[in-house]
Structures are given as structure tokens and as C-alpha cells.
Amino acid sequence: MTLSPARVPATGVRRRLTRTLYGYAFLDDFVLLYPVYALLFADTGMSLWQISSLFALWSVTGVVLEVPSGAWADAVSRRRLLWIGPLLTAAGFALWVAVPSYGAFAVGFILWGAGGALGSGALEALVYDELDRLGAADRYARIMGRARAARLLGTVASIGLAGPVFAQGGYAAVGAASFLACVLTAVTAMRFPEHRVRADGAGDTWATTLRTGLAEVRGDRSVRGALLLVPAVAAVWGALDEYTPLLVRNIGVAEATVPYLIMLIWAGVTLGSLLAGPAERLGTSGLAMLLAGAALALAVGAVSRSLAGIALVSLAFAGFQLAEVLADVRLQHRIDESRRATLTSVASLGTELATVAAFGVYALLGTDMAHGTVFAVLAIPYLVTALALARARAATARP
């Protein structure tokens, strides 16, 4: 009976945290521009190299700002950064549809990259620490899996609406809807509970926080391995995502059909996110098998140039998304609260660097190869990662 009074407020705070998280995640990806912005660039006259350079600029912005913003999130309010970021993204989207040109697209991607960097690391750190304060850190995988699912539902819903909205109002209409979604995301972020108490180093600058975080990586092999696994899992498929509209259109469907097939891909990814809780029981060997299977599905599906192949690509992306959630869970369990956002951002920095490289490789290969062939080639890094995990598991199992 004595526990009941404490349980009620704890339950209330957790409910507020999860509801806000799911709403934030949904709105953050409820962007009707997603399935058509590559087409917007192409219709404005951008070449494949120019489109790839825009994607690379987006990632370079993240590279420059990722770690400082993560260290900043450990030094100031994480909630504050979570509402500032979407407003920057909203400004970028407005610029795209107001003055469509290479320069406007570039500035928009810089704003989007800055907004994403402010939230990257801060969101995971805020959620994990709030759950840990409530004695519910063991729920992190399940809750973040559902948050990823909510995010993907936002993507799927935006893709489903993009077709009719685009048909009625063109790029201006989908741009206005995307701008509004970003503003609503910022409003939702203001509802996040934040009770972090920094007993030591309360006056640390972001540079000091960064130095101590990197020292933890150097001194702890398990942290270092968990940190490197995140970009190994997240980078390539995150880059390929940007080219999926071109892959889908390459199978010969009408442009009005493209958003619906992209929705099929992301519906599979959503299902993969919902499996994060049960899949946390997968060991290193299970994760290696998951990555290998997803890589094979990606390669076979991409080169088939058929609707069945798009379904296989959806299955592959589901596997990669699930693996990405599990990699984040491993990292969060291994890092200290005071440096959580910093090291999560370091992992994201690795992802951004690898993503930039993937964009460059795609542009290079795409000059002479079909989109499906490039997708198949870029499945190879996942087979390498799966092999590395299997070898690490075997080395650990030796007496």
C-alpha cells in the first residue's frame, strides 16, 4: 500500500512522456514532401550529381553540427533543442517551394540538417534518462521501437496523402502541409517532461562534455563497439532511402503510383520497428543473421525490377530498421547519463560520415548502372557487418 502513492505520479509522468514521444515522432516525419522532393529537384532541372550533392550537403551539415549539438544537449535543456529543431526545418521547406532552385534547395537542406542535429542525441537521452528516473529503463527498447513505428506511420501517412494533395495543389500544397507539420512538432516538443539533475559539472561547456565523452569511448571497449555498430547499421540504408522514388519509378510505374509503392516500403519498416521489444532478446549472432537476411532481400528485390521486388526491398528495410533500433539500445545501456546525448551524437556523426560516402558511391555507380544494380551493390556492406558480428561472437565464445 505504501508504494501506491509513488506509483500513480510515476505512471502519469511515464504516460505523458510516451504520449508526447509518439506524437512528436509521428509529426516529425509527417512530411508530405518526403516522397516527392527528389522529383521536385529533378523537375527543377537538377542532374543526378546535383541531387546527390544536395543529399551530401544535408549530411555534411549534420557532420559539422552533430557532435557539438549533442554535447550542448548534455549541457543545457534537451527539451529546448527538441522544439527549436523543427522550426529550422519548417523554414527550409518554405524556402524550397517559394523559390525552387539549387541555391534554395541547398539552404533548405542546411536548415533541415541543423534542425535534425539539434534533436539527434537529445531525444534518445531525454527519453532514456526520464525512464531511468522512473525505474523503467528496461522499457526503453519497447518504447523507442514504438516511437520509431509512430515515426514511420507518420511517413506512411504523409506518403499516402502526398498523392492526392500533390494532384490538387502540386509542390506548393505538399510544401505548405510539411511546413505546418514541423510547426506542430515544435509545439508537441514543449510537452516533454524533463527532470534531469546534474549534480556534477553543472557548469561544464559543451567542449568539456565532449572531451569527457570521447575519453569514455577510448577507455571502454564495449562502449566503443556499441558506438561503431550504429553507423554500420544505419548509414547505407539511410542513404538508399533517398533514392527509393527513383528505384520505384524505374520499374515502369506512373509517377502518381510512386508514393503508394513508397508507402508499401515504409509499411514494412513500421512493422519491423514494432518488433524491437521482443527482438531485444536477439544476441549478437541473431543480429548478424538479421543483417545478412536483410542484405540478401535488398539485393534480390532491387535487381528484379518488379512489384514483388519492391516488397522484398520493404522487407529488407524492415530488417535494417529493427537492427538500427537494437544497435541504439545496446549503446544506451552502455553509456553514462551525463554524456548520453554526446555519445549518441558521436554515433550519429559516424552515421552521417558513412552516409555522405554512400551518396558519393551512389552517384559514381549510378552514372553507368541502373538504380536496382546500385542498390544491390550497396547491400554488400551489410554482409560485411554481419560477418564481423559473427566473428566477434565466435571470439567471445572461445574459452
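Keep in mind the model is a prediction, meaning the values are calculated, not measured. (Residues numbered from 1 in each chain as written. Predicted model: local features only at pLDDT ≥ 70, side-chain atom pairs only at ≥ 80, totals over all residues. Heavy atoms only, no water.)

**Q** Would you take a moment to explain the overall build of the protein chain for this structure?
**A** Along its length, the protein chain carries 17 helices and zero strands. By the burial criterion, 53% of the 399 residues in the protein chain qualify as buried. (Helix = DSSP H or I, 4+ residues; strand = E, 2+ residues; numbered from the N terminus. Buried < 20%, exposed > 50% of the residue type's maximum accessible area, 1.4 Å probe, protein only.)

**Q** Is there a simple way to explain empty space enclosed by the protein in this structure?
**A** Empty space among the atoms becomes visible once a probe the size of a water molecule is rolled across them. Tallied over the full model, the rule gives two cavities of 30 Å³ or more. Looking at the second largest cavity, its volume works out to about 30 Å³. The class makeup of the residues in the lining of the second largest cavity is three nonpolar, two polar and one charged. (1 Å grid on protein atoms, 1.4 Å probe; cavity = no way out; pocket = protein on both sides within 12 Å on 5 of 7 lines; lining within 4 Å. Points joined across faces, edges and corners; volume = space filled by probe spheres on them. Nonpolar A, V, L, I, M, F, W, Y, C, P; charged D, E, K, R; others polar.)

**Q** It is not clear to me how the packing of helix α7 (residues 140-189) against helix α14 (residues 307-334) should be interpreted in this structure. Could you clarify?
**A** Packed helix pairs are characterised by how far apart their axes lie and by the angle those axes make with each other. One way to put it is that α7 packs onto α14 with a least axis distance of 10 Å and a crossing angle of 140 degrees. For the element pair α7 / α14, the angle class is oblique. Pair α7 / α14 crosses with right-handed handedness. Across the interface between the two elements, Tyr-140, Ala-141, Gly-145, Arg-148 and Leu-152 from α7 touch Gln-321, Glu-324, Val-325, Asp-328, Val-329 and Gln-332 from α14. The class makeup of the residues in the contact of α7 with α14 is five nonpolar, three polar and three charged. (Axes fitted to C-alpha atoms, helices over the stretch in contact; angles between N-to-C directions. Parallel < 35°, antiparallel > 145°, perpendicular 65-115°, else oblique. Left-handed = near helix turned anticlockwise from the far one by under 90°. Contact = heavy atoms within 4.5 Å.)

**Q** Before we go on, may I ask you to explain the layout of surface pockets in this structure?
**A** Looking at the largest pocket, its volume works out to about 480 Å³. As for the largest pocket, its lining consists of 17 residues, and the residues nearest its centre are Gly-225, Ala-226, Arg-330, Leu-389 and Ala-392. Secondary structure elements with two or more residues in the lining of the largest pocket: α9 (221-240), α14 and α17 (380-397). Top element by residues in the lining of the largest pocket is α9. It accounts for eight residues.

**Q** Just to check I follow, could you spell out unusual backbone geometry for this structure?
**A** Unusually for a residue other than glycine, Arg-305 sits at a positive phi of about 50 degrees. Summarising the element assignment, Arg-305 is placed in the loop between α13 (284-304) and α14.

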